[in-house]
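# Commentary on secondary and tertiary structure
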Amino acid sequence: MATPLVVSEVAKSFTMHLRDGIRLPVVADVSFSIKAGECAVLGGPSGAGKSSILKMVYGNYAVDQGQIIVKHGDQLIDLASASPRTVLQIRRDTIGYVSQFLRTVPRVSALDVVGEPLVARGEKREIARERASDLLSRLNLPERLWSLPPATFSGGEQQRVNIARGFITDHPVLLLDEPTASLDARNREVVIGLIGEKKKAGVALLGIFHDADVREAVADRIIDVTDFAAGKLAA
Amino acid sequence: MMTDEPLLRVSALSKFYGSRIGCEDVSFELWPGEVLAVVGESGSGKTTLLNCLSTRLLPTSGTASYRMRDETWRDLYRMSEAERRFLMRTDWGFVHQNPADGLRMTVSAGANVGERLMAVGDRHYGNIRASAVDWLGRVEIGEDRIDDEPRAFSGGMRQRLQIARNLVTSPRLVFMDEPTGGLDVSVQARLLDLLRGLVTDLGLAAIVVTHDLAVARLLSQRMMVMKDGRVVETGLTDRVLDDPRAPYTQLLVSSILQV
Amino acid sequence: MTMQATDIATYNFAYLDEQTKRMIRRAILKGIAIPGYQVPFASREMPMPYGWGTGGVQVTASIIGPGDVLKVIDQGADDTTNAVSIRAFFKKVADVAVTTETAKATIIQTRHRIPEHPLTAGQTLVYQVPIPEPLRFLEPRETETRKMHALEEYGLMHVKLYEDIARHGRIATTYAYPVKVEGRYVMDPSPTPKFDNPKMHMSPALQLFGAGREKRIYAVPPFTEVVSLDFEDHPFEVQSFDQPCALCGAHQVYLDEVILDDHGGHMFVCSDTDHCEKRREEGHAGHLAGDAFAALQHNVPGDSGKKE
């Protein structure tokens with residue numbers, strides 16, 4: 001069975017055209033792979049490029065060099081050079097993403113926000129809502145909020161909606177961008193539990209966790225991003 | 001929703017006004033259910049491009065082919081005017097920035113929605129009216145307003161009516177020219193939300209011309225940035241907005257006021 | 001009279017010069033060849049204002065010959081100003097025989113009615129048309145309406161009928177009711193009451209339409225299909241009247257309301273005066289036949305009742 005995610009020799013820099021075209025190298029020669037059922041955590045100080053790597057793997061940032069090979073169905077696809085349409089299909093079926101912040105959509109209830117990724121994959125709305133309810137109650141979001149649009153929720157509440165949305169699908173690869181940042185201890189435990197279940201289900205997880213306890217609890221392996229510092233290569 | 005064949009194929013499309021460039025060398029493919037945002041400032045050629053694609057304007061060179069409902073591919077600029085007009089009122093929609101350009105202001109909301117049905121030969125008043133009620137509901141206009149003229153509607157309602165009028169024949173492709181352009185911010189949000197829902201539920205493909213990056217972010221999966229008639233950057237909407245590469249896109253993105 | 005005879009000698013027969021007639025006849029022939037299609041023509045200035053039938057007069061002048069017998073009606077009446085003037089005009093410039101009897105006429109120029117007496121083969125009905133474009137109500141651009149005709153895009157016509165039903169619960173258009181001719185062109189039948197629409201269908205007579213101000217001629221050749229537009233669940237219907245003509249007792253004819261006094265007194269009488277008189281001559285009588293006749297004499301212009 002192919003490895004779900006293989007990143008090899010990826011480099012990324014930003015060219016700031018508005019500032020006389022200066023080039024800001026971010027990372028270079030990024031290489032790692034994640035096996036099914038494994039949770040790898042990107043480590044290193046802030047500014048090292050953890051977030052950029054996660055965003056490249058999601059197709060949100062462009063890749064300058066290298067390959068990001070994703071097992072998409074029974075195909076191996078290089079996400080770094082894939083067409084936008086292919087990236088969208090990979091996001092729908094293969095790579096899930098739990099971001100730090102929820103981009104709220106006005107007037108859509110929390111339940112439907114959570115259930116949407118399932119509906120997008122052809123699941124019935126009722127079933128999506130059922131699964132969404134399960135997750136939201138596990139994450140201790142008061143039931144009276146479920147039918148409301150999350151725009152007015154507190155940061156912690158929004159994040160739990162976001163986590164539920166990220167965990168509802170059975171994507172074989174899941175990216176976690178500090179999903180526990182503004183959660184209390186009780187809900188952090190729930191997320192740790194959810195991650196454990198994903199691992200058991202054979203999902204390959206790649207995450208950023210600033211919270212040492214959570215990192216400790218979920219990480220099978222730490223990938224030190226400072227190894228990929230762009231300066232090292234240039235030096 | 002995703003099929004293996006695109007709906008529209010555009011190749012090296014150019015439109016010149018004399019020696020002045022309207023748009024130049026634009027190529028892309030659009031798949032069913034996909035929303036493409038074309039962004040750029042006034043004069044960037046985005047509206048010229050939209051008018052060429054919707055055959056309201058003939059390009060100077062280049063081709064655009066469309067996969068018809070019967071799966072045949074047709075070159076849009078070689079179709080007869082009768083066929084093009086038929087396409088425009090059945091399988092296509094066009095949402096104008098100013099609703100008055102897309103509505104008949106002197107006939108009732110119901111007739112505005114029903115016109116396309118009557119144009120394709122529906123001759124049952126009861127059925128036409130029932131469809132009108134249904135579509136007004138989907139764009140959140142009450143049934144009690146069905147006999148009112150759009151003149152009596154607010155800007156936001158007019159725009160929603162224009163959308164219903166376009167969608168009643170279940171088009172597969174909708175062109176939108178600054179659909180939220182002249183509206184108040186709160187009204188814009190509601191309309192965007194409605195459009196987003198409709199596009200997803202109906203699996204519509206859409207080409208949305210806008211100068212508003214928030215509109216592009218909310219509605220589209222893919223984006224094309226235009227400047228001086230040429231495409232300067234293209235890609236996934238969130239990629240273009242979060243990691244803009246072309247100098248002009250960086251300028252556009254950095255010019256957004258943060259609230 | 002002799003003075004007048006020399007005066008009119010300066011006019012060509014039937015007023016228009018031969019080149020103009022030739023041009024108009026060509027337009028008429030084209031119109032006949034494409035039933036319901038509006039043929040542009042170079043409308044001439046006529047010695048009467050627009051709105052007084054300049055289109056119809058030009059058509060009549062182009063087809064009339066010395067042997068023709070002309071009848072002119074205005075809203076069904078032979079004796080109103082417009083009818084009398086046009087009749088007098090052709091008597092003067094073409095020296096043709098005139099009549100008020102539908103059956104005896106070879107050419108009938110009409111403003112807004114079709115006679116009750118069935119028309120026969122060989123007769124020509126010339127309509128005076130104010131606005132020939134049926135689509136103009138909803139689409140004011142001539143370039144666009146022409147295109148719509150060319151491409152047979154007639155959905156808009158039903159929008160108008162839809163509006164009627166939405167507002168009035170039924171198709172409330174009662175005159176200038178749009179028709180489709182020979183399954184192709186949608187046509188404005190001029191502001192005749194829709195009561196007359198069925199008479200156009202498969203008529204043995206030739207029907208010509210002239211719009212002077214708008215410079216359009218169109219035609220319905222004999223035995224042509226003329227179908228009034230409608231909805232499946234709101235089929236086309238003609239007006240019906242609760243009572244017969246007060247003077248001649250006729251049913252199934254188009255009636256006009258005539259005010260009798262200042263106290264709301266009124267009666268309904270045949271709009272087709274010739275038809276009404278014929279019936280009365282034959283001994284038919286409505287409930288107001290006696291006294292009402294006198295009242296009628298009060299209500300119509302001085303030159304009425306005089307039969308040439």
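Not measured: the values here are computed from a predicted model.

Conventions used here
Residues numbered from 1 in each chain as written. Chains lettered and ligands numbered in written order. Predicted model: local features only at pLDDT ≥ 70, side-chain atom pairs only at ≥ 80, totals over all residues. Heavy atoms only, no water. Helix = DSSP H or I, 4+ residues; strand = E, 2+ residues; numbered from the N terminus. Rg over C-alpha atoms; globule rule 2.2 N^0.38 Å. Buried < 20%, exposed > 50% of the residue type's maximum accessible area, 1.4 Å probe, protein only. Areas by Shrake-Rupley, 256 points an atom, 1.4 Å probe, with all protein chains shown as cover. Lys, Arg positive; Asp, Glu negative; His and termini not counted. Charge placed at Lys NZ, Arg CZ, Asp CG, Glu CD. Contact = heavy atoms within 4.5 Å. Salt bridge = Lys/Arg side-chain N within 4 Å of Asp/Glu carboxyl O. Polar contact = N/O pair within 3.5 Å; in protein donor to acceptor, adjacent residues only side chain to side chain. Domains from an automatic or database assignment. Buried area = accessible area lost by both parts, 1.4 Å probe. Nonpolar A, V, L, I, M, F, W, Y, C, P; charged D, E, K, R; others polar. UniProt positions renumbered as here; feature names shortened; annotations may be inferred.

## Describing the overall build of chain A
Of the regular secondary structure elements, chain A holds 8 helices and 9 strands. The C-alpha atoms of chain A give 18 Å as radius of gyration, which agrees with the globular expectation for 235 residues (18 Å, within 12%). With respect to the principal axes defined by its C-alpha atoms, chain A has extents near 55 × 40 × 35 Å. Relative to its 235 residues, chain A shows a buried fraction of 50%. By element, 49% of the accessible surface of chain A is carried by carbon and sulfur atoms, the whole surface being about 10,700 Å². Positive and negative side-chain charges in chain A, numbering 29 and 28 respectively, have mean positions lying 3 Å apart.

## Some words on the overall build of chain B
Counting its regular elements, chain B contains 10 helices and 10 strands. In terms of overall size, chain B behaves like a compact globule, its C-alpha atoms giving a radius of gyration of 18 Å where 259 residues would be expected to give roughly 18 Å. Across the 259 residues of chain B, 56% fall into the buried class. In chain B, of all internal contacts separated by at least 6 residues, the share reaching a separation of at least 24 is 67%. Summed over its atoms, the accessible surface of chain B is roughly 10,200 Å², and 49% of this surface lies on carbon and sulfur atoms. Taking the 31 positively charged and 34 negatively charged side chains of chain B as two groups, their mean positions are separated by 4 Å.

## Structural notes on the side chain of A:Asp177
Residues and elements named next belong to chain A. Relative to the elements of secondary structure, Asp177 occurs in strand 7 (residues 173-177). No salt bridge is formed by the buried Asp177; the nearest opposite charge belongs to Lys55, separated by 5.5 Å. Within polar-contact distance, the side chain of Asp177 engages the side chain of Tyr97 at 3.3 Å. Residues in contact with Asp177, not counting those within four places in the same chain, are Ser51, Leu54, Tyr97, Val98, Ser99, Gln100 and Ile208.

## Regarding the domain arrangement of chain B
Residue and element names in this part refer to chain B. Taken as a whole, chain B is organised into domain 1 (1-6 + 21-91 + 171-259) and domain 2 (102-169). Relative to domain 2, the C-alpha centre of domain 1 lies at a distance of 24 Å. Contacts between the two partners involve 17 residues from domain 1 and, on the opposite side, 15 residues from domain 2. Across the domain 1 to domain 2 interface the summed buried area is about 1,300 Å²; carbon plus sulfur atoms make up 67%. Contact with domain 2 buries surface across domain 1, with Arg89, Arg190 and Leu194 losing the most and accounting together for 36% of the total. On inspection of domain 1 and its partner domain 2, the count reaches 1 salt bridge. When the shortest N-O distance is used, the salt bridge between Glu140 and Arg190 registers 2.9 Å. Applying the counting criterion to the domain 1 and domain 2 interface returns 6 residue pairs in polar contact (both at pLDDT 80 or more). Tallying contributions element by element places helix 7 (residues 185-202) first for the side of domain 1 that touches domain 2, with 7 residues. Of the residues assigned to the side of domain 1 that touches domain 2, the class counts are 13 nonpolar, 1 polar and 3 charged.

## Structural notes on the UniProt feature "domain: ABC transporter" (unreviewed entry) in chain B
Per the UniProt record, "domain: ABC transporter" (unreviewed entry) is annotated on residues 8-253 of chain B. Here residues 8-253 of chain B runs as 40% helix and 26% strand, with 28 Å between its end C-alpha atoms.

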